[in-house]
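# Structural overview
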Amino acid sequence: MIEFKDVSKVYPNGTRGLSHVNLQIEQGEFVAVIGLSGAGKSTLIRTINRMIDLTEGQVIVDDVDVMTLKGRSLRRFRRKIGMIFQSFNLVTRSTALKNVLTSMVPDMNFFSVLFGLFTKQQKLKALTALDKVGILDKAYTRCDQLSGGQQQRVALARTLNQDPSIILADEPVAALDPVMAHQVMGDFKRINQEMGITILINIHHVDLALDYASRVVGIRAGEIVYDGPASEVTQDVLTAIYGENPVPHSGDESAKQGGARDGAAKEDGRD
Ligand code: ADP
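### What to know about the overall build of the chain
Scanning the chain from terminus to terminus reveals nine helices and 10 strands. Taken over 271 residues, the chain has a buried fraction of 49%. Carbon and sulfur atoms make up 50% of the accessible area of the chain, which amounts to about 12,600 Å² in all.

### With respect to unusual backbone geometry
Despite not being glycine, D62 has its phi angle at roughly 45 degrees, a positive value. Structurally, D62 is set in the loop between β4 (56-61) and β5 (64-65). The backbone phi angle of D63 is positive, close to 70 degrees, even though this residue is not glycine. Counting through the fold element by element, D63 comes out in the loop between β4 and β5.

### Focus: the environment of Q58
Inspection of the secondary structure puts Q58 in strand β4. Judged by its relative accessible area of 30%, Q58 falls in the partly exposed class. The sequence separation of Q58 and F4 amounts to 54 residues, and the corresponding C-alpha distance is 6.0 Å. Every residue in contact with Q58, bar those within four places of it in the chain, is listed here: E3, F4, K5, V7 and D65. Within the structure, the side chain of Q58 is placed 3.0 Å from the side chain of D65, a separation counted as a polar contact.

### Overview of the sheet that holds strand β2 (residues 16-25)
In space, the four strands of this open sheet follow the order β2-β1-β4-β5, with antiparallel pairing throughout. The strands lining the two open edges of the sheet, one partner per strand, are β2 and β5. Most of the contacts of helix α1 (residues 41-48) go to β2, to which it runs at about 55 degrees, and overall it touches β1 (2-10), β2 and β4.

### Comments concerning the confidence of the model for the chain
Of all residues in the chain, 88% have pLDDT values of 70 or greater, and the mean over the chain is 88. The secondary structure element of the chain with the lowest average pLDDT is helix α4 (residues 110-114), at 60, and the one with the highest is strand β3 (residues 30-34), at 98. Scored below 50 in pLDDT, residues 254-271 makes 34 contacts in the model with residues more than four places away or belonging to other chains.

### Side note on helix α5 (residues 120-132)
Helix length check: α5, at 13 residues, gives a terminal C-alpha distance of 18 Å against a target of 18 Å (1.5 Å per residue), a fit within 8%. Along α5, the residues classified as buried are Q122, A126, A129 and L130. Angular distribution of buried residues about the axis of α5 spans 100 degrees; they occupy a single face of the element. Residues of α5 that are exposed and point over 90 degrees away from its buried face: K120 and Q121.

### Side note on the nonpolar core
In terms of nonpolar packing, the biggest core is built from 53 residues, with I167, M185, F188 and I203 touching the most fellow members. With residues near it in sequence (within four places) discarded, I203 still touches A32, V33, I34, K41, E171, V173, M185, L208 and A209. Counting 27 residues, the second-largest nonpolar core is a separate cluster that includes I2, L18, L44 and V217.

### Description of the pattern of salt bridges
Per the counting criterion, the structure on display carries 10 salt bridges. For the salt bridge of D53 with R50, the shortest nitrogen-to-oxygen distance reads 2.6 Å. The exposure class of D53 is partly exposed, given its relative accessible area of 34%. Of the residues examined, R50 reaches a relative accessible area of 15% and is grouped as buried. Of the charged contacts in the structure, one is a salt bridge between D137 and K138, with a shortest N-O distance of 3.8 Å. With relative accessibility at 60%, the residue D137 sits in the exposed group. The partly exposed category is assigned to K138, whose relative accessible area is 23%.

### As for the environment of G243
Secondary-structure assignment places G243 in the segment after α9 (235-242). Taking the relative accessible area as the measure of exposure, G243 reaches 17% and is therefore buried. With near-sequence residues (within four places) excluded, G243 lies in contact with R220 and L238.

### What to know about the layout of surface pockets
Where empty space is left can be seen by rolling a probe of water-molecule size over the atoms. Empty space within the second largest pocket amounts to approximately 370 Å³. In terms of lining residues, the second largest pocket is bounded by 15 residues, among which R78, I81, M83, F85 and Q162 are the most central. Ranked by residue count, the leading element in the lining of the second largest pocket is strand β6 (residues 81-85), at four residues. Looking at the lining of the second largest pocket residue by residue, the class counts come to seven nonpolar, four polar and four charged.

Cut-offs applied
- Residues numbered from 1 in each chain as written.
- Predicted model: local features only at pLDDT ≥ 70, side-chain atom pairs only at ≥ 80, totals over all residues.
- Heavy atoms only, no water.
- Helix = DSSP H or I, 4+ residues; strand = E, 2+ residues; numbered from the N terminus.
- Buried < 20%, exposed > 50% of the residue type's maximum accessible area, 1.4 Å probe, protein only.
- Areas by Shrake-Rupley, 256 points an atom, 1.4 Å probe, with all protein chains shown as cover.
- Contact = heavy atoms within 4.5 Å.
- Polar contact = N/O pair within 3.5 Å; in protein donor to acceptor, adjacent residues only side chain to side chain.
- Pairing = 2+ DSSP bridges.
- Axes fitted to C-alpha atoms, helices over the stretch in contact; angles between N-to-C directions.
- pLDDT = per-residue confidence, 0-100.
- Expected span 1.5 Å × (residues − 1).
- Arc of directions from axis to C-beta.
- Core = buried A, V, L, I, M, F, W, Y, C linked by side-chain atoms within 4.5 Å.
- Salt bridge = Lys/Arg side-chain N within 4 Å of Asp/Glu carboxyl O.
- 1 Å grid on protein atoms, 1.4 Å probe; cavity = no way out; pocket = protein on both sides within 12 Å on 5 of 7 lines; lining within 4 Å.
- Points joined across faces, edges and corners; volume = space filled by probe spheres on them.
- Nonpolar A, V, L, I, M, F, W, Y, C, P; charged D, E, K, R; others polar.

This is the structure we're talking about:
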């Protein structure tokens, strides 16, 4: 279970990222976090694996207060939480299989890593992960030869190879065209249903959130303004989340990243 207890985040420059957030997510849920650019979606997701430190409150993951973790215990904790980003973060000159195998490196000895000595079992596991996201046939293709959607699937397979209990995805389909975005969202849904992995996706496009997630958390200026079933998101709910701004849909020009924003301009370095 992931639990936020009265969580606030104020960045060093005084910008408030989150304000008194209370939230409980059970194991196996598929939650989409929606809101305007700058609303606090990324901040919310990144506090779970401690990419961002809290200013106040507690984030508790499976009975562990994440702010108490440091060093090796923090690294071990992060291994069971997969993280997917908008930019796929792959080694594009390497094959899909090699990229998936890199998730095993932290558990390997120095010489095996140096010479890329992966066992047959490790390779089979990595190939199984590629199969789960439907790109087994691309295992030996260099990632720079793959489409954006296929590259995001490689990133997803790499995460699955870590045997995560939670996957956090920060705008995973924002760089993809609508057809690919639907395919990758379908992968997330299948993984959630078949493997019981908790999935928390921060997503800009409302139609994708409503089509695939079962629960929606709407955030505005760092506060949760809706938390409920995707099927109960009405026009009034969308107005509470987006105000007078256009509601972003996939394939919609006004929905492109960097559109309407709440709060101050996003800055480069995150703490
Ligand atoms: P979203 O993911 O919804 O676009 P963010 O969580 O990235 O929103 O940002 C929430 C607020 O925090 C915004 O006002 C943003 O400008 C601010 N913010 C995010 N990261 C930083 C940072 N490293 N330093 C200062 N302010 C930040």
